[in-house]
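Chain residues, written in single-letter form:
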Amino acid sequence: MQLIPCPWCGPREETEFHYGGQAHIGYPQDPSALSDEEWARFLFFRANPEGPFAERWSHSAGCRRWFNAVRDTRTHDLLAVYRIDEPRPVIS
Amino acid sequence: MTVETPRRAPLGEWATRLGELAPALSIAEQPFLTHLSLRVRSRAPMAALGEVLGTGLPRQPCTFASGTGRAGAVDVAWLGPDEYLVMAAPGIQPELESLLRQALDGTASAVVDVSAQRTTLSLAGPAVRDVLAHGCAIDLHPRAAPAGTCVQTLLARTGITLLVRADDEFTLLVRQSFAPYLAAWLVDAAAEYRTERT
């Protein structure tokens, strides 16, 4: 089973975690000014890259904290794990 | 008019079957312990808190601290970066809660009585690490999990909090509604250790 390194608890089995989708999606500054199409794009449209992808994860069976991770979608390697208030690390 | 009904320990009916596992594994339920959820930021008045608890808050993730303060003997477990679980003797919820509230007066914090959520099991004996290893992915070798370790994880797919008190002495917290399931699992997992190993 794959181990996911929680920034607080250290490496734990992936069954302790929940996936939270793409990270770093900002809430619109003025939601009421958006058209229906722009609102739908904010709600439902997510990147689907082949390669490094910044995602949110929750350590739901452990410390129950959300954190971000950069995962390579081709290999499932977790390239970086960082706390929710930290910027996305630069990965060459 | 309210009718006082006697409290029933979640694993009261399991006491005999759990007791039969000794000496390889002795399991005793400690029901109705005082459990308070403590949410504090790092700027909290740690000195006043330390006086009430008799110990500082555990600084390292996945550890716990024990002390004897103004509310008697307590354990304080790290549950998250700003979240702690205070465990103390049964029946002192109001006193401990008000002592903690006084110590935290005026700071952004929360003290919540969560005693009804979990029940507590004391596990001890030579087979305890082996039995837990049947259903727990955490490395419980004394080198990896020394005394003072407190992990929240899954045991037999059930969420637990596990406190390592000594090499073969553990405290296990489990939700009350999951406790009979976990007791059944422990009895089953410990079956092969029930005769004295030579």
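In this text, all values refer to a predicted model and were calculated from it rather than measured experimentally.

Participant: Help me understand helix 3 (residues 93–103) of chain B, please; the structure alone is not making it clear to me.
Facilitator: The periodicity of an α-helix, 3.6 residues per turn, causes residues three or four places apart in sequence to face the same way. Residue and element names in this part refer to chain B. Buried within helix 3 are the following residues: Q93, L96, E97, L99, L100 and A103. Each buried residue of helix 3 sits inside an arc of 165° when the element is viewed along its axis, so together they form one side. Facing away from the buried side of helix 3, by more than 90 degrees, are the exposed residues P94 and Q102. Turning to helix 3, the residues buried within the fold contact strand 2 (34–40), helix 2 (46–53), strand 5 (83–88) and strand 6 (109–113).

Participant: Which parts of the structure should I look at to understand the sheet that holds strand 7 (residues 118–124) of chain B?
Facilitator: Strands belonging to one sheet form pairs held by backbone hydrogen bonds; the direction of such a pair is parallel or antiparallel. All names here are of chain B. With antiparallel pairing, five strands are arranged side by side in an open sheet as 1-7-10-9-8. The open sheet has two edge strands with one neighbour each: strand 1 (26–30) and strand 8 (150–155). Sheet twist, expressed as the mean angle between neighbouring strand axes with direction ignored, is 30°. Sheet topology note: the strand 7/strand 10 (residues 169–175) ladder contains seven bridges and is antiparallel. Bridge assignment links L121 to a residue of strand 10, and that residue is L172. Strand contacts of helix 5 (residues 179–189): strand 1, strand 7, strand 8, strand 9 (158–166) and strand 10, with the helix running at about 140° to strand 10, the strand carrying the most contacts.

Participant: In this structure, what is going on with the pattern of salt bridges? I would like to understand it.
Facilitator: Pairing between side chains becomes possible if they bear opposite charge and their charged atoms approach one another. Scanning the model with the defined rule gives twelve salt bridges over all chains in all. In this structure, R12(A) and E16(A) form a salt bridge, with 3.2 Å as the shortest nitrogen-oxygen distance. One exposure class covers both R12(A) and E16(A), and it is buried. Across the pair D82(B) and R39(B) runs a salt bridge whose closest N-O atoms are separated by 3.2 Å. Taken as a pair, D82(B) in the loop between strand 4 (72–80) and strand 5 and R39(B) in strand 2 lie far apart in primary sequence, 43 residues in all. Judged by relative accessible area, which is 24%, D82(B) ranks as partly exposed. For R39(B), a relative accessible area of 33% translates into the label partly exposed. Salt bridges sharing partners connect three or more residues here, namely R64(A), R65(A), R39(B), D82(B) and E83(B).

Participant: Can you walk me through the confidence of the model for chain B in this structure?
Facilitator: Of all residues in chain B, 98% have pLDDT values of 70 or greater, and the mean over the chain is 92. Across the predicted assembly, pTM comes out at 0.89 and ipTM at 0.85.

Participant: Would you take a moment to explain the pairing of strand 1 (residues 3–6) of chain A for this structure?
Facilitator: Regular strands have side chains that alternate between both faces of the sheet. Residue and element names in this part refer to chain A. Of the two faces of strand 1, the one lined by I4 and C6 is fully buried and the one lined by L3 and P5 carries no buried residue. Pairing between strand 1 and strand 2 (residues 10–13): four bridges, direction antiparallel. In the sheet register, C6 faces strand 2, and the bridge partner there is G10.

Participant: Help me understand the sheet that holds strand 3 (residues 18–22) of chain A in this model?
Facilitator: Residue and element names in this part refer to chain A. Spatial ordering of the open sheet is given by 3-4-5-6, a layout of four strands whose pairing is antiparallel. The open sheet is flanked by strand 3 and strand 6 (78–83), the only strands paired with a single partner. Neighbouring strand axes in the sheet, compared pairwise and without regard to direction, differ in orientation by 30° on average. As defined by bridge partners, strand 5 (residues 66–72) adjoins strand 6 across five bridges and the pair is classed as antiparallel. When the sheet's bridge partners are listed, A69 is paired in strand 6 with V81.

Participant: Any chance you could explain a nonpolar patch on the surface here in plain terms?
Facilitator: Residues and elements named next belong to chain A. On the surface, a nonpolar cluster with roughly 580 Å² of combined accessible area is contributed by Y27, W39, L43, F44 and F45. Inspection of the secondary structure assignment puts F45 in the loop between helix 1 (36–44) and strand 4 (52–58). Given the relative accessible area of 49%, F45 is considered partly exposed.

Participant: Honestly, the packing of helix 2 of chain B against helix 3 of chain B in this entry has me stumped. Any pointers?
Facilitator: For any two helices packed against each other, the geometry comes down to the angle between their axes and how far apart the axes lie. Residue and element names in this part refer to chain B. Running from amino to carboxyl end, helix 2 crosses helix 3 at an angle of 160°, the nearest separation of the two axes being 9 Å. Put simply, helix 2 runs roughly antiparallel to helix 3. In terms of crossing hand, the pair formed by helix 2 and helix 3 is right-handed. Contacts from A48, L49, V52 and L53 in helix 2 reach L96, L99, L100 and A103 in helix 3.

Participant: Can you walk me through the interface of chain A and chain B in this structure?
Facilitator: By a frequent convention, interface size equals the accessible area lost on bringing the separate parts together. Counting residues at the interface gives eleven residues for chain A, matched by 15 residues for chain B. Around 1,000 Å² of area is buried between chain A and chain B when both sides are counted, 53% of it from carbon and sulfur atoms. Taken as a group, W8(A), R12(A) and R65(A) account for 47% of the area that chain A buries against chain B, more than any other trio of residues on that side. Counting the contacts that link chain A with chain B gives three salt bridges. The interface formed by chain A and chain B contains five residue pairs in polar contact (both at pLDDT 80 or more). Within the side of chain A that touches chain B, the residues separate by chemical class into four nonpolar, two polar and five charged.

Thresholds, definitions, all that
- Residues numbered from 1 in each chain as written.
- Chains lettered and ligands numbered in written order.
- Predicted model: local features only at pLDDT ≥ 70, side-chain atom pairs only at ≥ 80, totals over all residues.
- Heavy atoms only, no water.
- Buried < 20%, exposed > 50% of the residue type's maximum accessible area, 1.4 Å probe, protein only.
- Helix = DSSP H or I, 4+ residues; strand = E, 2+ residues; numbered from the N terminus.
- Arc of directions from axis to C-beta.
- Contact = heavy atoms within 4.5 Å.
- Pairing = 2+ DSSP bridges.
- Axes fitted to C-alpha atoms, helices over the stretch in contact; angles between N-to-C directions.
- Salt bridge = Lys/Arg side-chain N within 4 Å of Asp/Glu carboxyl O.
- pLDDT = per-residue confidence, 0-100.
- Patch = residues over 30% accessible without salt bridge, like charges linked within 9 Å, V, L, I, M, F, W, Y side chains within 5 Å.
- Areas by Shrake-Rupley, 256 points an atom, 1.4 Å probe, with all protein chains shown as cover.
- Parallel < 35°, antiparallel > 145°, perpendicular 65-115°, else oblique.
- Left-handed = near helix turned anticlockwise from the far one by under 90°.
- Buried area = accessible area lost by both parts, 1.4 Å probe.
- Polar contact = N/O pair within 3.5 Å; in protein donor to acceptor, adjacent residues only side chain to side chain.
- Nonpolar A, V, L, I, M, F, W, Y, C, P; charged D, E, K, R; others polar.

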